[in-house]
Amino acid sequence: MDNLVEDSLVFSVTYENYIKNIKQDKQNKTLGEWSIKDDKINTLKYAYVYLVGSNQMVVKKYYIEKFEKSDPSKGYMDPDKKCFIFSKSEDLFVDFPLVVQGRQYVNSSTLDNAQKISPDQVNVRMMNAKESKSEGTKSKVQPLSARDKLVEVKNTLFKDKDFKDFSIISSLEKQVEDGKSAEEVLTNYFDSLNK
């Protein structure tokens, strides 16, 4: 498998973000906000969505048309990161052999040939994913959701600040999920309002 090109990005989402951003395609067909090297961008043709807490289930496949720099008009605020624009997507309920935290690169054949999950099992795993969020405090991997971290930092460090646009919140959550600290994300956001 080592000689196969890593033509795919696998990224993880919580159940909440799956419902909000993945289940139905976004109208602007733009997703993600990642630091990806240019040489990687040239090889990435697909993106797969791994559902956190679902017992290692991949739920969707995107056909990447191109990458673009984060576009504030689409709710992506970090100009150093890139989003992908997809031409189409399809639901894909398959087993993935690895736990995904953040993102990984694989060859698409790994997932296209993965074991399909029966509709009954898909429902069970969806429920597991939904419940894993609520009991996140028990898990070492995900003690707080991205939103919980943002709320905590907002209430501690930015009590006197207000959100001007609530549609931005999912983008802020995404940044936290991609590894930025909630403090950094909110500092950047509130600083951008002052400009």
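Summarised in this report is the structure supplied together with it. (Residues numbered from 1 in each chain as written. Predicted model: local features only at pLDDT ≥ 70, side-chain atom pairs only at ≥ 80, totals over all residues. Heavy atoms only, no water.)

1. A look at unusual backbone geometry
Okay, so step 1: Of note in the backbone geometry, K29 takes a positive phi value of approximately 50 degrees without being a glycine.
Okay, so step 2: Secondary-structure assignment places K29 in the loop between α1 (15-22) and β2 (30-34).
Okay, so step 3: One non-glycine residue, Q56, adopts positive backbone phi at about 65 degrees.
Okay, so step 4: Relative to the helices and strands, Q56 resides in the loop between β3 (46-51) and β4 (57-69).
Okay, so step 5: For Q56, a relative accessible area of 25% gives the class partly exposed. (Helix = DSSP H or I, 4+ residues; strand = E, 2+ residues; numbered from the N terminus. Buried < 20%, exposed > 50% of the residue type's maximum accessible area, 1.4 Å probe, protein only.)

2. A closer look at helix α7 (residues 182-194)
Okay, so step 1: Its 13 residues give α7 an end-to-end C-alpha distance of 19 Å, which sits within 8% of 18 Å, the value for a rise of 1.5 Å per residue.
Okay, so step 2: Taken residue by residue, α7 has A182, V185, L186, Y189 and F190 as its buried positions. The arc enclosing the buried residues of α7, seen along the axis, measures out at 120 degrees, which places them on a common side.
Okay, so step 3: Elements that come into contact with the buried residues of α7 comprise α5 (146-157) and α6 (169-177). (Expected span 1.5 Å × (residues − 1). Arc of directions from axis to C-beta. Contact = heavy atoms within 4.5 Å.)

3. Quick look at the pattern of salt bridges
Okay, so step 1: In total, this model carries 10 salt bridges according to the counting rule given.
Okay, so step 2: Among the ionic pairs, K61 bridges to D112, the shortest N-O distance being 3.1 Å. Taken together, the residues K61 in strand β4 and D112 in helix α3 (residues 108-112) connect sequence positions 51 residues apart.
Okay, so step 3: One salt bridge in this structure joins D178 and K174, with 3.0 Å as the shortest N-O distance.
Okay, so step 4: Judged by relative accessible area, which is 23%, D178 ranks as partly exposed.
Okay, so step 5: Residue K174 is classed as buried on the basis of its relative accessible area of 9%. (Salt bridge = Lys/Arg side-chain N within 4 Å of Asp/Glu carboxyl O.)

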